[in-house]
Amino acid sequence: MIKTRCITLGKFEKNAINEDAVCARKNMIAVSDGAGGGGLFADRWSKYLVNHLPHNPITTAEQLDEWIGSIWETYYNKAEESAKKLGGMALDKFYDEGSFATLAAVWKQDDSTCRWMTYGDSVVFHYDYAIKELTHSFTSLANFNNAPYLINCKDELNPDGFRCGTFPLNKNSIVFIASDALSHYILMMYELSRKEEFVSEIKKTVSSNSKNSNLIVKAQSLPGIRFEKEVIDKLRKVISDKSVFCKWLSSLYKKGFIAMDDYSLAVMYE
């Protein structure tokens, strides 16, 4: 029996709006990270996307474009009304920029396979307990420094931002989705736990002198990383308790291992 769970937490700041949205249905999980750096109503757009995801997998950029084409207008009209109430500058901003969000989703396809798609830097992961190996939908640790592809409520998609694939589903595997800051932490800890294997990627990311490279430098000081126990098992534990999720992330942030952000997680496992 497949189990699905999801959880989301806003930034550790007073009155901060959580712009992420999560979804866990019987055979599907999803995360959308609303991008508040541009446009308006990122929190609404991310929720709208996950709430309207189809029951069948999206397998091509064309299908993603068609699906957004079939749902955007209802959202746009309601958001436009809200922007009008806010006044001229807000309305101009909405007309000019719209609303932005990433999207990552996983559908259980059959008893042994799930199909995933992503657009942006929310990441789908698969961990195999039997061989202790993590695989994922993203490109590389260094690419978290780049501006992500974003779905806009009024503009056409760039097909280059679409990624898709399949992961196995069995008693030895767990599939999960995380928003970007949490994804960076997960991938960083995995690569640091296997330094010899990822030496060039770690070196490249550290040399970028970005906020993410500072996180890696800090985490490199850890004496030994037991990835399965400290990350995978921890994710399974915190997914069901928001206070535990908050406490764990707050501790990681204070230690300098994770960036300040909204944090979202959705899991699928037997």
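Note: the structure precedes this text.
Everything quoted here is computed from the prediction, not taken from an experiment.

**Digging into the packing of aromatic side chains**
Inference 1: Scanning the model with the defined rule gives 17 aromatic pairs in all.
Inference 2: With a centroid separation of 5.7 Å and an interplanar angle of 40°, the aromatic rings of Phe12 and Tyr263 are classed as tilted. Taken as a pair, Phe12 in the loop between strand S1 (3-9) and strand S2 (20-24) and Tyr263 in strand S12 (residues 263-269) lie far apart in primary sequence, 251 residues in all.
Inference 3: For Phe12, a relative accessible area of 27% puts it in the partly exposed group.
Inference 4: On the accessibility criterion, Tyr263 (0% relative accessible area) is buried.
Inference 5: For the ring pair Tyr76 and Phe94, a centre distance of 5.0 Å and an interplane angle of 35° mean the geometry is tilted. Note that Tyr76 is positioned in helix H2 (residues 61-86) and Phe94 in helix H3 (residues 88-97), a separation of 18 residues in sequence.

**With respect to the sheet that holds strand S10 (residues 162-168)**
Each strand in a sheet pairs with another by means of backbone hydrogen bonds, the pair being arranged parallel or else antiparallel.
Inference 1: With antiparallel pairing, five strands are arranged side by side in an open sheet as S2-S3-S5-S6-S10. Two strands lie at the open edges of the sheet, namely S2 and S10, each paired on one side alone. Ignoring which end each strand starts from, the neighbouring axes of this sheet average 10° apart.
Inference 2: Bridge count between strand S5 (residues 103-110) and strand S6 (residues 113-119): seven bridges; the pairing is antiparallel. In the sheet register, Lys108 faces S6, and the bridge partner there is Cys114.
Inference 3: Those strands touched by helix H1 (residues 42-51) are S2, strand S3 (28-33) and S5, and its axis lies near 15° from that of S2.

**A few points about the pattern of salt bridges**
Inference 1: Per the stated rule, a full pass over the model turns up eight salt bridges.
Inference 2: With its nearest N and O atoms 3.3 Å apart, the salt bridge here joins Glu197 to Arg194.
Inference 3: Overall, the relative accessible area of 51% leaves Glu197 in the exposed class.
Inference 4: Residues Arg226 and Glu230 are paired through a salt bridge, measuring 3.4 Å at the closest nitrogen-oxygen approach.
Inference 5: Residue class for Glu230 comes out partly exposed when judged on its relative accessible area of 25%.

The rules behind each value
- Residues numbered from 1 in each chain as written.
- Predicted model: local features only at pLDDT ≥ 70, side-chain atom pairs only at ≥ 80, totals over all residues.
- Heavy atoms only, no water.
- Phe/Tyr/Trp six-rings, centres within 6.5 Å; stacked < 30°, edge-to-face > 60°.
- Helix = DSSP H or I, 4+ residues; strand = E, 2+ residues; numbered from the N terminus.
- Buried < 20%, exposed > 50% of the residue type's maximum accessible area, 1.4 Å probe, protein only.
- Pairing = 2+ DSSP bridges.
- Axes fitted to C-alpha atoms, helices over the stretch in contact; angles between N-to-C directions.
- Contact = heavy atoms within 4.5 Å.
- Salt bridge = Lys/Arg side-chain N within 4 Å of Asp/Glu carboxyl O.

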